[in-house]
Amino acid sequence: MNEKPEPGRRDRELSRRTVIMAGGATAVAVGLGGALAVDASAHDDTSADICYTLTSETVEGPYYIDADKIRQDVTEDQDGVPLTLTLKVIDAETCEPLRDAAVDIWHCNAVGVYSGYEASGSGGGGGPAPTGAPTGTPAGTPTGAPPSGGPGGGGGGHQEPTDDSRYLRGTWRTDKHGYVTFRTVFPGWYQGRCVHIHVKVHVDGAWTDAGYEGGHTCHTGQLFFAEKAVLCTADVEPYSANTTTRTTLDEDTIYPGNGHAGGLLYLKYDRKHIARGVRAHLTLGVAPDETHDGG
């Protein structure tokens, strides 16, 4: 006689170690002449979340400013290719979405400048300063060798802001399915780093009228872009005005080199007309009971 499986056992095993599919068939490139480049789609299309894979932790970098802009649209007056960034945050052990987590993003603008650090002349350590921006050295800049991984998001300690600008920075809460979406622009580049976006995930805090309070940081990472997409933006204003030698993804010392688990974004864009906009998506598998502040 065949032994009957324990009721519910197969379902439990599948829920623990299989892939959750958010959609149906595999995404395909569509458009005139196959012009639409698709690395993967946004969350309303097909994607896969491998439950037991933690997203790689990376350093915070020197240009983090604690959450003081609770918003989804972080663009302000910055020029660049429109970017819609959708992140899903899940518990990597249980596969459950994390609801009401606070997600921070911050990145440089098209010419390599971080808001809050305009007085440094480059903010990121390599991009040309905006027209009319003051020059000089930011207060507290260390002397000697640069931090590991180059300036502006590599290693090293925190730099105190030099000004009150806060473009391309913001914090928003995940919904009941673990999703959060930001509107921004495709980042530029600066000396020593590939194109990237910084991200933090905070849990166990409370949302108040003042914003997000308490809790702890369970993930600090960086989000990366495929080289072919970056090359498409290089001929678009204002990116084309950035004469800084660009560090490629393979040359970068922070990118862990492990694909989407290391923060490599899925992208969708028209490769012939990338200026129309880019959609980016990634699932972040985190350990909500742990603390990873990027220090």
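Refer to the structure presented above.
Note that the structure is a prediction, hence the values are computed from the model and not measured. (Residues numbered from 1 in each chain as written. Predicted model: local features only at pLDDT ≥ 70, side-chain atom pairs only at ≥ 80, totals over all residues. Heavy atoms only, no water.)

Novice: Provide a residue-level description of the pairing of strand S4 (residues 82-91), including the pertinent values.
Specialist: In terms of burial, S4 is largely enclosed, as 8 of its 10 residues are buried. Sheet topology note: the S4/strand S7 (residues 179-185) ladder contains 7 bridges and is antiparallel. Looking across to S7, one finds that Thr84 is bridged to Arg183. Here S4 pairs with strand S11 (residues 278-286) via 9 bridges, running parallel. What sits directly across from Lys88, in S11, is Thr283. (Buried < 20%, exposed > 50% of the residue type's maximum accessible area, 1.4 Å probe, protein only. Helix = DSSP H or I, 4+ residues; strand = E, 2+ residues; numbered from the N terminus. Pairing = 2+ DSSP bridges.)

Novice: Let's hear about the sheet that holds strand S8 (residues 196-208): which residues, and what values?
Specialist: If you walk across this open sheet you meet the 4 strands as S6-S5-S8-S9, and the pairing is antiparallel. With one partner strand each, in any of the chains shown, strand S6 (169-173) and strand S9 (211-224) form the two edges of the open sheet. The sheet shows a mean angle of 20° between the axes of neighbouring strands, direction not considered. Examined bridge by bridge, strand S5 (residues 102-106) and S8 share 5 bridges and lie antiparallel to one another. When the sheet's bridge partners are listed, Ala102 is paired in S8 with His202. (Axes fitted to C-alpha atoms, helices over the stretch in contact; angles between N-to-C directions.)

Novice: I'd like a rundown of unusual backbone geometry, residues and numbers included.
Specialist: The step from Glu237 to Pro238 runs through a cis peptide bond, and the omega angle for that step is 0°. Looking at where Pro238 falls in the secondary structure, it is placed in the loop between helix H2 (227-233) and strand S10 (266-270). Unlike most non-glycine residues, Asp100 shows phi in positive territory, near 65°. If you trace the backbone, Asp100 turns up in the loop between S4 and S5. Given a relative accessible area of 32%, Asp100 falls into the partly exposed group. Residue Leu168 is not a glycine yet carries a positive backbone phi of 60°. Assignment of secondary structure puts Leu168 in the loop between S5 and S6.

Novice: Break down the pattern of salt bridges for me, citing the residues and quoting the values.
Specialist: Taken as a whole, this structure holds 7 salt bridges when the rule is applied. Between Glu60 and Lys200 there is a salt bridge, with its nearest N and O atoms 3.0 Å apart. Separated by 140 residues along the polypeptide, Glu60 in the loop between strand S3 (48-50) and S4 and Lys200 in strand S8 bring together distant segments of the chain. The burial state of Glu60 is the same as that of Lys200; both residues are buried. Across the salt bridge formed by Asp73 and Arg183, the nearest N and O atoms sit 3.8 Å from each other. Here Asp73, found in the loop between S3 and S4, pairs with Arg183, found in strand S7; they are 110 residues apart in sequence, far enough to count as distant. For Asp73, a relative accessible area of 36% corresponds to the partly exposed category. (Salt bridge = Lys/Arg side-chain N within 4 Å of Asp/Glu carboxyl O.)

Novice: Describe the environment of Ile65, with residues and values.
Specialist: By secondary structure assignment, the location of Ile65 is in the loop between S3 and S4. Owing to a relative accessible area of 14%, Ile65 belongs among the buried residues under this scheme. In this view, Ile65 contacts Ser115, Gly116, Tyr117, Pro161, Arg166 and Arg169; residues no more than four positions away in its chain are not counted. (Contact = heavy atoms within 4.5 Å.)

Novice: Residue-level account of the side chain of Thr220, with values.
Specialist: Within the secondary structure, Thr220 is located in strand S9. Relative accessible area serves as the criterion here: at 1%, Thr220 is assigned to the buried category. Among the polar contacts listed, one links the side chain of Thr220 to the backbone oxygen of His292, at a separation of 2.8 Å. The residues touching Thr220, leaving out its near neighbours within four places in the chain, are Ser56, Glu57, Thr58, Val59, Glu60, Val199, Lys200, His292, Asp293 and Gly294. (Polar contact = N/O pair within 3.5 Å; in protein donor to acceptor, adjacent residues only side chain to side chain.)

Novice: How would you summarise the packing of aromatic side chains if you had to cite specific residues and measurements?
Specialist: Tallied over the full model, the rule gives 7 aromatic pairs. Both rings, one in Phe186 and one in Phe225, keep their centres 4.5 Å apart while their planes meet at 50°; by these two values the pair is tilted. Remark: Phe225 occurs in the loop between S9 and H2 and Phe186 occurs in the loop between S7 and S8; sequence separation between them is 39 residues. Feature note: the residues Tyr63, Tyr114, Tyr117 and Tyr190 constitute an aromatic cluster, connected by ring pairs. Directly above the aromatic system of Tyr64 lies the positively charged group of Lys200, at a separation of 5.0 Å from the ring centroid. (Phe/Tyr/Trp six-rings, centres within 6.5 Å; stacked < 30°, edge-to-face > 60°. Lys NZ or Arg CZ within 6 Å of the ring centre and 35° of its normal.)

Novice: Talk me through the nonpolar core; I want residue IDs and the actual numbers.
Specialist: Leu87, Phe186, Leu223, Phe225 and Leu284 are the most contacted members of the largest nonpolar core, which has 43 residues in total. Ranked by residue count, the leading element in this core is S11, at 5 residues. Sequence-distant contacts of Phe225, defined by excluding residues within four places in its chain, comprise Leu83, Phe186, Pro187, Val195, His196, Ile197, Val230, Leu249, Leu264, Leu265 and Leu267. One finds Tyr64, Ile65, Tyr117 and Tyr190 within the second-largest nonpolar core, a separate group that totals 8 residues. (Core = buried A, V, L, I, M, F, W, Y, C linked by side-chain atoms within 4.5 Å.)

Just geometry here; none of it tells us what the structure is for.
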